[in-house]
Amino acid sequence: MLKTFIARPVGRLIAGWLLAATVRLIKATMRWRVLHEARRDAILARPGPVILAFWHNRLMMMVALGTFGRRVVLLQSRHRDGQLASAAIRRFGITTIWGSTAKGGASALRALIRAGRAGDWIALTPDGPRGPRMRCQPGIVMLAQRTGAPVVPVTWSSSRRELLGTWDKMIIALPFGGGVLSWGEPIEVPRDLDSEAVEDYRRRIETALTALGDEADAAVGVAPIAPDDSEAPP
């Protein structure tokens, strides 16, 4: 019955509203602090677009922590779960661009490029929507090349959490925990790169994101989440 309800547009709208309200309530019960505040302030002060990169399993609170005074667009899969997530994400002032690395990739990339050139901030999960977990795909490097926007690793963690049994080990923050939001150093990607250099930047982004997540997890006293090595890119 629930699947049938969510399959309908009105059902997704209602479920999205309830999901967003739940996330807001959990966020309000948590004690938040920011790691690397000076780095964050420098990023917020710079003109033009940036690409906010975070792992798919950090989606829950990442969208709830605000748009930082910017217009933010987020790439989202058209799968039913993605449509439900989008209905909730829009409640936080974030615009959805439909597509994924599996379907609609080329059109989604063009839409993201247009958004970046218009000055929007782009939010991207470079291991989504299907993984492997915490393994960066090269599309984010191409997007940074085409827009001239730096890639900014960003993450959060919570002292009270549950990990779902999904491919990404989705993190669910629990009420009344301590939370951290952490900002990484911007990664500037040159426009002209050969295939070897694209791979170097892909690995650089992947390494930075994983290290940032490990640091945030350590700051709140929880175990780090390991990348999926079963299907790691070469």
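To be clear, the structure that these remarks concern was listed above.
Residues numbered from 1 in each chain as written. Predicted model: local features only at pLDDT ≥ 70, side-chain atom pairs only at ≥ 80, totals over all residues. Heavy atoms only, no water.

Trainee: Even after reading the chapter, I still don't get the overall build of the chain, so can you show me in this structure?
Mentor: Secondary structure assignment for the chain yields eight helices and nine strands. Within the chain, the fraction of its 234 residues that count as buried is 50%. Carbon and sulfur atoms make up 56% of the accessible area of the chain, which totals about 11,200 Å². (Helix = DSSP H or I, 4+ residues; strand = E, 2+ residues; numbered from the N terminus. Buried < 20%, exposed > 50% of the residue type's maximum accessible area, 1.4 Å probe, protein only. Areas by Shrake-Rupley, 256 points an atom, 1.4 Å probe, with all protein chains shown as cover.)

Trainee: Would you mind going over the environment of Y201 with me for this structure?
Mentor: Position of Y201 relative to the elements: it lies in helix α8 (residues 195–220). Classification of Y201 as buried rests on a relative accessible area of 16%. On a C-alpha basis, the gap between Y201 and E188 in space is 9.3 Å, while along the polypeptide they are 13 residues apart. Those residues within four positions of Y201 in sequence are excluded, and the remaining contacts are V141, I187, E188, V189, P190 and L193. (Contact = heavy atoms within 4.5 Å.)

Trainee: Hey, could you run me through the side chain of D120 in this one?
Mentor: Mapped onto the fold, D120 is located in the loop between α6 (105–117) and β5 (121–124). A distance of 2.9 Å separates polar atoms of two side chains, one belonging to D120 and the other to R71. (Polar contact = N/O pair within 3.5 Å; in protein donor to acceptor, adjacent residues only side chain to side chain.)

Trainee: In this structure, what is going on with the packing of helix α7 (residues 139–147) against α8? I would like to understand it.
Mentor: Angle between the axes and distance between the axes: these two values describe a pair of packed helices. Between α7 and α8, the shortest axis-to-axis distance is 9 Å and the interhelical angle comes to 110°. When the interaxial angle is binned, α7 and α8 end up roughly perpendicular. Counted together, I140, V141 and Q145 of α7 and V198, Y201, R202 and I205 of α8 form the full contact between these two elements. Residues that form the contact of α7 with α8 fall into these classes: five nonpolar, one polar and one charged. (Axes fitted to C-alpha atoms, helices over the stretch in contact; angles between N-to-C directions. Parallel < 35°, antiparallel > 145°, perpendicular 65-115°, else oblique. Nonpolar A, V, L, I, M, F, W, Y, C, P; charged D, E, K, R; others polar.)

Trainee: Sorry if this is basic, but what is going on with the nonpolar core here?
Mentor: One broad trend across soluble globular proteins is that nonpolar side chains are buried collectively. Counting 60 residues, the largest nonpolar core has I51, M61, I140 and V151 as the members making the most contacts within it. Here this core gets five residues from one element, more than from any other, and that element is α6. Not counting residues within four places of it along the chain, the set of residues in contact with M61 comprises V23, I26, K27, M30, W32, W156 and A173. (Core = buried A, V, L, I, M, F, W, Y, C linked by side-chain atoms within 4.5 Å.)

Trainee: What's the story with the pattern of salt bridges in this structure? I'm lost.
Mentor: In a structure, side chains of opposite charge can pair up when their charged atoms sit close to one another. Under the criterion given, the structure shown has twelve salt bridges. The partner of R58 in a salt bridge is D217, with the nearest N and O atoms 3.1 Å apart. Taken together, the residues span a long stretch of sequence, with R58 in the loop between β2 (51–53) and α4 (59–62) and D217 in helix α8 at a distance of 159 residues. On the basis of relative accessible area, R58 is assigned to the buried category, the value being 3%. Overall, the relative accessible area of 0% leaves D217 in the buried class. E206 is paired through a salt bridge with R135; the nearest N and O atoms lie 2.8 Å apart. Of this pair, E206 sits in helix α8 while R135 sits in the loop between β5 and α7; the two residues are 71 residues apart in sequence, bridging distant segments of the chain. (Salt bridge = Lys/Arg side-chain N within 4 Å of Asp/Glu carboxyl O.)

Trainee: Mind showing me how you'd approach a nonpolar patch on the surface here?
Mentor: Together, I14, W17 and L18 line one region of the surface with nonpolar side chains, adding up to about 300 Å² of accessible area. Its location among the elements puts I14 in helix α2 (residues 9–29). Taking relative accessible area as the criterion, I14 reaches 41% and is therefore assigned partly exposed. (Patch = residues over 30% accessible without salt bridge, like charges linked within 9 Å, V, L, I, M, F, W, Y side chains within 5 Å.)

Trainee: I tried to follow the sheet that holds strand β3 (residues 72–76) on my own but got confused; where do I start?
Mentor: In a beta sheet, neighbouring strands pair by backbone hydrogen bonds and run either parallel or antiparallel. In space, the seven strands of this open sheet follow the order β1-β9-β6-β2-β5-β3-β4, with mixed pairing throughout. Taken across any chain shown, the strands that pair with only one partner, and hence form the sheet edges, are β1 (31–35) and β4 (94–98). Averaged over all adjacent pairs, the angle separating strand axes in this sheet is 25°, with direction ignored. In this sheet, strand β9 (residues 178–183) lies alongside strand β6 (residues 151–158) in antiparallel orientation, the contact comprising five bridges. Across the sheet, T155 pairs through a bridge with S182, a residue of β9. Each of β1, β5, β6 and β9 is contacted by helix α3 (residues 37–45), which is oriented at about 55° to β9, the strand it contacts most. In the packing of α8 onto the sheet, the strands contacted are β1, β2, β6 and β9, and the crossing angle to β6 comes to about 25°. (Pairing = 2+ DSSP bridges.)

Trainee: Teacher, can you tell me more about the pairing of β3 here?
Mentor: Look at any regular strand and the pattern is simple: side chains alternate between the two faces of the sheet. The buried count for β3 comes to five of five residues, which makes it a mostly enclosed element. As defined by bridge partners, β3 adjoins β4 across five bridges and the pair is classed as parallel. For L74, the partnering residue across the bridge sits in β4 and is T96.

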